[in-house]
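For reference, the chains in residue letters:
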Amino acid sequence: GLDKDVIARVIEKNLGQIRYCYERQLSASPDLYGKVMVKFVIGAAGSVTSQLIGTTTLKSAMVEGCILRRISGWRFPQPKGGTQVRVTYPFLFKSTN
């Protein structure tokens, strides 16, 4: 339905939103780090129709909820043939301080 490179470009374009979710919580929990595996479905119109946390080592409901809210608003090109595209994407979080 959609090329991996096309999906990756949209995700990269929106990484600032994901970074914001993490950095907002980092001030309260300075040693917050981990990996969040997000699963989402791109519908036939190119909008995200569902999103959920697959596995996570971050253990921060605040950050994970924020990530899901951001992803729900992302727009992708319409998949070929009007199909749904299932995506699993890892986000790695580690403070640079």
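Higher on the page you've got the structure.
Now for a quick tour of the structure. (Residues numbered from 1 in each chain as written. Predicted model: local features only at pLDDT ≥ 70, side-chain atom pairs only at ≥ 80, totals over all residues. Heavy atoms only, no water.)

### Brief notes about the nonpolar core
(1) Moving on: One finds Val-38, Phe-40, Ile-67, Ile-71 and Phe-76 to be the most contacted residues of the largest nonpolar core, which totals 28 residues.
(2) Moving on: Only helix H1 (4-13), helix H2 (15-26), strand E1 (34-42), strand E2 (48-56), helix H3 (61-71) and strand E3 (85-93) provide two or more residues apiece to this core.
(3) Moving on: No other element matches the 5 residues that H3 contributes to this core.
(4) Moving on: The contact partners of Phe-76, leaving out residues within four places of it in the chain, are Leu-2, Ile-7, Val-10, Phe-40, Ile-42, Ala-45, Gly-46 and Val-48. (Core = buried A, V, L, I, M, F, W, Y, C linked by side-chain atoms within 4.5 Å. Buried < 20%, exposed > 50% of the residue type's maximum accessible area, 1.4 Å probe, protein only. Helix = DSSP H or I, 4+ residues; strand = E, 2+ residues; numbered from the N terminus. Contact = heavy atoms within 4.5 Å.)

### What to know about the sheet that holds E2
(1) Moving on: Read across the open sheet, the 3 strands follow the order E2-E1-E3; overall the sheet is antiparallel. Edge strands, defined here as strands with exactly one partner in the open sheet, are E2 and E3. The sheet shows a mean angle of 20° between the axes of neighbouring strands, taken without regard to direction.
(2) Moving on: Helix-sheet contacts for H1 involve E1 and E3, and the interaxial angle to E3 is about 45°.
(3) Moving on: Against the sheet, H3 makes contact with E1, E2 and E3, and its axis sits at roughly 155° relative to E2, the strand it touches most. (Pairing = 2+ DSSP bridges. Axes fitted to C-alpha atoms, helices over the stretch in contact; angles between N-to-C directions.)

### Side note on the pairing of E2
(1) Moving on: Where E1 lies against E2, 6 bridges are found, and the strand directions are antiparallel. In the sheet register, Val-38 faces E2, and the bridge partner there is Ile-53.
(2) Moving on: Hairpin connection from E1 to E2: 5 residues lie between these consecutive antiparallel strands, with Gly-46 at a positive phi of about 95°.

### A closer look at the side chain of Glu-64
(1) Moving on: If you trace the backbone, Glu-64 turns up in helix H3.
(2) Moving on: The side chain of Glu-64 sits in the buried core without any salt bridge; Lys-59 is the nearest counter-charge, 8.1 Å away.
(3) Moving on: When residues no more than four places from it in sequence are discounted, the contact partners of Glu-64 are Val-36, Ile-53, Thr-56, Leu-58 and Lys-59. (Lys, Arg positive; Asp, Glu negative; His and termini not counted. Salt bridge = Lys/Arg side-chain N within 4 Å of Asp/Glu carboxyl O.)

### Concerning unusual backbone geometry
(1) Moving on: With a phi close to 55°, Lys-59 is a non-glycine residue in the positive phi region.
(2) Moving on: Mapped onto the secondary structure, Lys-59 falls in the loop between E2 and H3.

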